[in-house]
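Breakdown of the fold
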Amino acid sequence: MALSKPAPERETRLFGLTRKITAKIKAKKIRRGLAIGVMCFIALFYLAPLLWLFDTSFRPKVEIFNVPPRILQGPPWETFRSYSLESFKVAIGRYQMHQGFLNSVLVTAGAIILTLLVCSLAAYAFALLKFPGRDVIFYCILATMMLPITTMLAPLFKVMQSYGLYNKHIGLILLYSTSAFGVFLLRQYYVRLPISLIEAAVVDGASKFRIWWWIVLPLGKPVLSTLAIYQFRYVWNDFLVPLILLRSKNLHTLPIKLQVMDSITIAKDYDAMIATGFIAILIPIVFFLLFQRHFLEGLSGSLKE
Amino acid sequence: MSSIAVLRSRHQRKRIRFSQVEPYLFILPFVALMAAFNLYVYFSGIRLAFTDAQGINPGEWIGLANFAELIADKQDFWPAIGRTFLYTFGCLITQIPAALVLAVILNSKIFGRLRGALRASFYVPVLMNTVVAALLFRMMFLRDTGMVNWFLGVLGLPDKTNWLYEPKLSLLLMIIVSFWQWTGYHMVYLLASLQSINPTIYEVANLDGASPFRTLWQITIPLMRPALTFVSVMSAIGGLMQFEYSFMLFPNAGFGPGMKAMTGIPYIYYHAFRSNFRFGYATAAGWILFLIILAVSLLQIRVIGLGRAEDEV
Amino acid sequence: MSRRKLAVVLLTLVLAVALFANNGLAKDKVVFWSFAANNIEEWEARKAEIEKKFGITLVIENVPETAFVETLQATMMAGIDYPDIIEWRIEQNQILDADPKKSLVIPLDKYVKKSKVFAKVPKGRVAWTTYGGHVYGLPHDVHPVVLVYNDTIWKSVGVDMAKIKTWDEFFEAAKKLYAEKKVYALPYDAAGLAATMWMIWQQTGIQVLDDKGRPTLDTPEMREFVKWWVDKINSGVMCNWDWGNFSALLANGTMASYTSPDWWISQVDAAVETGKYEFRVRDLPLYKEGGPRTSSWGGSFMAITRLAKNPDKLYKIIEYMQYEEEYLHIRYKDAKMLPPLSSVWDHEVFKQPDPRFGGQKLGLLQIELAKEIPWINTGDIFWDAVSIDFNTQFTEIAAGNVSVEAGLKEAQARALKRLK
């Protein structure tokens, strides 16, 4: 009896407590859901211009300037009926967008490969070899990071002409591969390579060049990919330098192609421009989704130390 | 016998010499490229800045006349420099706080696996070509067929603003596009820095009953100071070097209505390649802009120190 | 060893001979740059015939408009890849200079004096390529401006556009149109003396330079015009446009009319194709009674670059390309541009009814108007200096940031200072 009385009381109290807890958990869950919902909405809003670009790149020219956007006029699946590849055809047929794409690939690939080789070789010397004047030269190279080339547009133009590299892809590639940042980044990594491996190779009688090629380069793969991505982003998107250095239509890279399309008056083909823009940003986005880790490490890797 | 000995010693001497020279050979390709494509450009820029070179005319030495003209030019040059700073400042005060807030929000545990997707979606504009971004926003800012005015109309706000042709708005437009494109970049950087903070610090703070805002202000921000400073400096240099938005965001490549989007690098480009091809004058303007950028870079070294800067670049 | 040497010598010899032979056999190569995609169609079509006539190889290249002058400077500086002859826009050309030493193209004075064909080109058109008394280029066109309007929409608010006399009447009707249908009457960008404003401004007869080439931006007439125009902008009946969305504005019925030079007429095609609207053309409404009822916009000229070899022959080539009468009606038929020689204007092609405008004879209207295009004193400083100063101030005036008086005063001061 004595026990039976408080039992329901305790139960209700216990029940109330669990209810309170569940309510709290519920509230937390709701808050969490709300936060996630709000953030997702913001992210979607943030991406809206891009989504509009993706959508309109498949639309006919007359629908590009529809207000509100065509996709919101009626059920989306119905508006998809007007999808076509017409804008890509115009971009390729009238503006040789495919050639621009190949040029971009060529310049970017060339610049990345040359940068990696040249910077890695130099960084290897600065990190692992001893020679008089090493640190002085290294700091001088670091200082050149403060010499942005775009402030010297006119001299750059004249110098490239005097080298005979005006209007040549190789000129751009050579110009892009002077990355002081690259040397710096690689050196910081090479300094921390396990010295024992290299010493073993020295004992085996391997030449310094062979050590670089067979040991340092393979060991430095992570940092090389970071540098490659850094260069990729820079070269693929660069605009001002090719704008003043490439003149022939068949040498233009994608951003310059876009500028050329934009400079046409009378009937500007915004559909072709949107299609070209779509291709120009699709490549980096695909690479990003494939190598997300490397992209973000390139930004923040060094911070973790 | 003796001839062999001579040969051998010669051979040895040669080998010793080679190993001394070898490191220089390794850095030679880079140093040569650097000298040819960076240092020599700057070097030839020194001479060019003191000439009246114009287009195909090589020009003659005119001493400091270009610099004198620039410094006295209160109509075009100094307003352009002023706009450069205004733009840079506008980018800094909008992007860095927004990036910090986003980073702190995304750092909280509630997002779980979604964090990667959210981070990616804010980062995607960074990957975009600035030319594409500028063109995209130009189409969106058109008065009568643009999405921005349509959206404002939906919200019941004034929807007849002529964004692209209103001189007062041109810098604001550029700041908006820059915000959209680069906030994600700073955010990812700051997020990485946040994640490297030891969580026990927060546990202690939690035990003390500190409010989230106080935790942010008194713990997070001081701990992130190097990262914040670095991001700010990179953003500032990016802003000072900005070209594409001025050139491509506004119609007809006219550097904005009444040329009110003309900032530093566009000013150089305009005078060297679009207006009168005044190479000498444009180079002199380039030197002044270079000195300004150098001052900002040196400030970076002053603020976070060379050694630290190295670690963080 | 000697065999290898021999082989090397032989190989070099063969190569050298091959190179020389190739050079000797090749016809004269004439490199021709044009900025205008729609002109190039004409040149490509006539390429074989031009090549045959002069025994040359004609290399036609379309160099984008915004990079044209830069590219020209660059290639001439490098001394390689430069063009022999160019086709470039007549307004804002940036390459002609009163001083022949500073100009990128050579003066054609000694040729045009002797030329019988050139004498037939309207003097007003030649003025555009005459700087400092030197004729630098052969004009390609005249570009008279007509008003193209959407008759269906205008009629729907009870306006018969054919009966409108002045711009003031036009804008009164436009207010009604916008109030009732939310349709804009004209395209307009706030960039200053360009497009619509440029075309209407020419009708006022205001000169921006006096006879001595001094800017006259701050005159009572100019103030009156700017006030009038800003008032029209503020009435909100004009539609913001872009080179890319223009035909869509017409096709969607966002905009009911536009002032159009001959090369711009085709913007209406997409709208005609929709079948929803009837379009018509007419002369421009007047700014003031008795004033000109047309103006001109755009255009191009051909010239010979400074480095080109054999200018005598090149002159014959460009004159043939621009003015060979046999082909001039084709320029109208295909490129829809009225050729500048009045001697061909009675050709059948100009008398055809235009199905886009309900069978109106557009060609005859354009020819009639071409004879009335007002003359403007631009000199060689107008586009490079005076128009920039005017436009910069005008954008501020249009945005309401400064008053008309203050803005024009400032523009005049700046233009004067620029001239030093």
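Above: the structure in question.
Structure report, in brief. Just so we're clear, the structure is a prediction, and the values are computed from it rather than from any experiment.

1. A few points about the overall build of chain B
- A count of helical and extended segments in chain B gives 14 helices and 0 strands.
- The helix and strand sequence of chain B, counted from the amino end, reads α-α-α-α-α-α-α-α-α-α-α-α-α-α.
- In terms of overall size, chain B is more extended than a compact globule, its C-alpha atoms giving a radius of gyration of 26 Å where 313 residues would be expected to give roughly 20 Å.
- Seen through its principal axes, chain B has C-alpha atoms that stretch 100 × 65 × 35 Å.
- For chain B, the residues scored as buried account for 54% of the 313 residues in total.
- Intrachain contacts of chain B at a sequence separation of at least 6 include 66% that bridge at least 24 residues.
- Here chain B has roughly 13800 Å² of accessible surface; of this, 67% comes from carbon and sulfur atoms.

2. Considering the interface of chain B and chain A
- Every contact between the two is made by 93 residues of chain B and, on the other side, 94 residues of chain A.
- For the chain B and chain A pair, buried surface summed over both sides reaches about 8500 Å², with 78% attributable to carbon and sulfur atoms.
- When residues of chain B are sorted by the area they lose upon contact with chain A, Phe26(B), Phe30(B) and Phe37(B) head the list and together hold 10% of the total.
- The residue Glu22(B) makes a salt bridge to Lys208(A) at a minimum N-O spacing of 3.9 Å.
- Applying the counting criterion to the chain B and chain A interface returns 9 residue pairs in polar contact (both at pLDDT 80 or more).

3. As for the interface of chain A and chain C
- At the interface, 19 residues of chain A touch 22 residues of chain C.
- Taken together, the two surfaces of chain A and chain C that pack against each other cover about 2000 Å², and 56% of this comes from carbon and sulfur.
- For the pair chain A and chain C, the number of links is 1 salt bridge.
- The salt bridge partner of Arg247(A) is Glu61(C), with a shortest N-O separation of 3.1 Å.

4. Some points on the pattern of salt bridges
- Throughout the structure, instances matching the rule amount to 39 salt bridges over all chains.
- The partner of Asp144(B) in a salt bridge is Arg143(B), with the nearest N and O atoms 3.2 Å apart. Here the two residues Asp144(B) and Arg143(B) agree in accessibility, since each one is buried.
- Two residues, Glu42(C) and Arg46(C), come together in a salt bridge whose shortest N-O distance is 3.6 Å. Linking Glu42(C) with Arg46(C), this pair stays in helix H2 (residues 37-54), spanning 4 residues, or about one helical turn.

5. Quick look at the sheet that holds strand E2 (residues 56-62) of chain C
Residues and elements named next belong to chain C.
- Ordered in space as E2-E1-E3-E12-E6, the 5 strands form an open sheet in which the pairing is mixed. Since the sheet does not close on itself, it has two edges, and those belong to E2 and strand E6 (138-139), each with one partner.
- The pairing of E6 with strand E12 (residues 300-304) spans 2 bridges and is classified as antiparallel. Paired with Pro139 across the bridge in E12 is Phe301.

6. A word on the pairing of E12(C)
All names here are of chain C.
- Judged by how many residues are buried, E12 sits mostly within the fold: 5 of 5 residues are covered.
- Residues Ser300, Met302 and Ile304 of E12 are buried on one face, and the alternating residues Phe301 and Ala303, pointing to the opposite face, are buried as well.
- Bridge count for strand E3 (residues 85-89) against E12 is 5 bridges, and the pairing is antiparallel. Looking at E12, one finds that Glu87 is bridged to Met302.

7. Structural notes on the sheet that holds strand E7 (residues 145-150) of chain C
All names here are of chain C.
- In spatial order, the strands read E10-E7-E11; together these 3 strands make up an open sheet with antiparallel pairing. Single-partner strands in this sheet number two, and they are strand E10 (257-261) and strand E11 (279-282). The sheet shows a mean angle of 30 degrees between the axes of neighbouring strands, taken without regard to direction.
- The pairing of E7 with E11 spans 4 bridges and is antiparallel. Across the sheet, the residue bridging to Leu147 is Arg282, located in E11.

8. Observations concerning empty space enclosed by the protein
- Tallied over the full model, the rule gives 6 cavities of 30 Å³ or more.
- As a volume, the largest cavity reaches approximately 100 Å³.
- As for the largest cavity, its lining consists of 14 residues, and the residues nearest its centre are Leu243(A), Leu246(A), Arg247(A), Ala67(C) and Thr71(C).
- When residues of the lining of the largest cavity are traced back to their parent elements, those giving at least two are helix H13 (240-245) and helix H14 (254-262) of chain A together with helix H3 (68-78) of chain C.
- With 3 residues, H14(A) is the largest single contributor of residues to the lining of the largest cavity.
- Here the lining of the largest cavity is composed, by residue class, of 9 nonpolar, 3 polar and 2 charged.
- As a volume, the second largest cavity reaches approximately 60 Å³.
- Around the second largest cavity, the lining residues are Ser104(A), Val107(A), Thr108(A), Leu172(A), Tyr176(A), Val235(A), Trp236(A), Asp238(A), Pro242(A), Thr253(A) and Pro255(A).
- For the lining of the second largest cavity, the secondary structure elements donating two or more residues are helix H5 (97-128), helix H8 (169-176) and helix H12 (221-237) of chain A.
- With 3 residues, H5(A) is the single largest residue contributor to the lining of the second largest cavity.
- When the residues that make up the lining of the second largest cavity are grouped by side-chain class, the tally is 7 nonpolar, 3 polar and 1 charged.

9. Focus: the packing of helix H15 (residues 270-290) of chain A against helix H5 (residues 130-141) of chain B
- The geometry of H15(A) relative to H5(B) is characterised by a closest axis approach of 10 Å and an angle of 140 degrees between their N-to-C directions. With respect to their mutual orientation, H15(A) and H5(B) come out oblique. The handedness of the crossing between H15(A) and H5(B) is left-handed. Contact with H15(A), carried on its side by Tyr270(A), Met273(A), Ile274(A), Gly277(A), Ala280(A) and Ile281(A), involves Val132(B), Leu135(B), Arg138(B) and Met139(B) of H5(B) and no other residues of that element.
- Among the residues forming the contact of H15(A) with H5(B), the class breakdown is 8 nonpolar, 1 polar and 1 charged.

Definitions and limits used
- Residues numbered from 1 in each chain as written.
- Chains lettered and ligands numbered in written order.
- Predicted model: local features only at pLDDT ≥ 70, side-chain atom pairs only at ≥ 80, totals over all residues.
- Heavy atoms only, no water.
- Helix = DSSP H or I, 4+ residues; strand = E, 2+ residues; numbered from the N terminus.
- Rg over C-alpha atoms; globule rule 2.2 N^0.38 Å.
- Buried < 20%, exposed > 50% of the residue type's maximum accessible area, 1.4 Å probe, protein only.
- Contact = heavy atoms within 4.5 Å.
- Areas by Shrake-Rupley, 256 points an atom, 1.4 Å probe, with all protein chains shown as cover.
- Buried area = accessible area lost by both parts, 1.4 Å probe.
- Salt bridge = Lys/Arg side-chain N within 4 Å of Asp/Glu carboxyl O.
- Polar contact = N/O pair within 3.5 Å; in protein donor to acceptor, adjacent residues only side chain to side chain.
- Pairing = 2+ DSSP bridges.
- Axes fitted to C-alpha atoms, helices over the stretch in contact; angles between N-to-C directions.
- 1 Å grid on protein atoms, 1.4 Å probe; cavity = no way out; pocket = protein on both sides within 12 Å on 5 of 7 lines; lining within 4 Å.
- Points joined across faces, edges and corners; volume = space filled by probe spheres on them.
- Nonpolar A, V, L, I, M, F, W, Y, C, P; charged D, E, K, R; others polar.
- Parallel < 35°, antiparallel > 145°, perpendicular 65-115°, else oblique.
- Left-handed = near helix turned anticlockwise from the far one by under 90°.

Purely geometric stuff here, so don't read any function into it on its own.
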